[in-house]
Amino acid sequence: MSNTSNSNLIESFYSWYRGALRHPKWRWAIILGTAFYLVSPIDISPDIIPIIGWLDDGILATLLVTELSSLAMDYLKKGKDDTTTVADAEDTIDVDVEVV
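The following refers to the structure shown. It should be emphasised that the depicted structure is a prediction, and the values quoted were computed from it without experimental measurement. (Residues numbered from 1 in each chain as written. Predicted model: local features only at pLDDT ≥ 70, side-chain atom pairs only at ≥ 80, totals over all residues. Heavy atoms only, no water.)

### Some remarks on the packing of aromatic side chains
1) Next: What the rule picks out here adds up to 3 aromatic pairs.
2) Next: Pairing F13 with Y17 gives two aromatic rings, centres 5.8 Å apart and planes at 35 degrees, and the pair type is tilted. Taken together, the positions of F13 and Y17, both in helix α1 (residues 3-22) and 4 residues apart, correspond to about one turn of that helix.
3) Next: A relative accessible area of 3% means that Y17 is categorised as buried. (Phe/Tyr/Trp six-rings, centres within 6.5 Å; stacked < 30°, edge-to-face > 60°. Helix = DSSP H or I, 4+ residues; strand = E, 2+ residues; numbered from the N terminus. Buried < 20%, exposed > 50% of the residue type's maximum accessible area, 1.4 Å probe, protein only.)

Laid out in C-alpha cells, this is it:
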C-alpha cells in the first residue's frame, strides 16, 4: 500500500468517525462502540504485541477524547451565545390590553 492510499484511508476513517459522532442519532452508538473496542481483547492489532498492539487503542482513544471535547466546547460556546440580556428601560414597549 502506498503512502498516499494510507493517508486517504486515515482521512476517510477520521471523516466518517467525526461525522458519525456529531450525528445525534449515532453519537451514543459510536461512543459505546469505541469504549467496547478499547476494553475488548479482540483488536485489529492484538495488545499482546508491545507498542504496535497499543497503537490502535491509543489512536482511537485520542480521537474519541478529541472529538468529545470539541463537541463539549461547541455546546458550551453555543450556550453562551444564546444568553438573553435584559433590555434597557428605553427599549421596553408598554402595551395596554383591554379585555372586552
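After presenting the structure, the write-up continues.
### Digging into the side chain of S40
1) Next: Note on placement: S40 falls in the loop between α2 (27-39) and α3 (52-81).
2) Next: A distance of 3.1 Å separates a polar side-chain atom of S40 from the backbone nitrogen of I42. (Polar contact = N/O pair within 3.5 Å; in protein donor to acceptor, adjacent residues only side chain to side chain.)

### Digging into the nonpolar core
1) Next: In this structure, Y17, A20, L21, I30, I31, Y37, L60, L63, L64 and L71 together form the largest nonpolar core, which totals 10 residues.
2) Next: When contributions to this core are tallied by element, the ones reaching two or more residues are α1, α2 and α3.
3) Next: The leading source of residues in this core is α3, at 4 residues.
4) Next: The residues contacting A20, other than those within four sequence positions of it, are W26, R27 and I30. (Core = buried A, V, L, I, M, F, W, Y, C linked by side-chain atoms within 4.5 Å. Contact = heavy atoms within 4.5 Å.)

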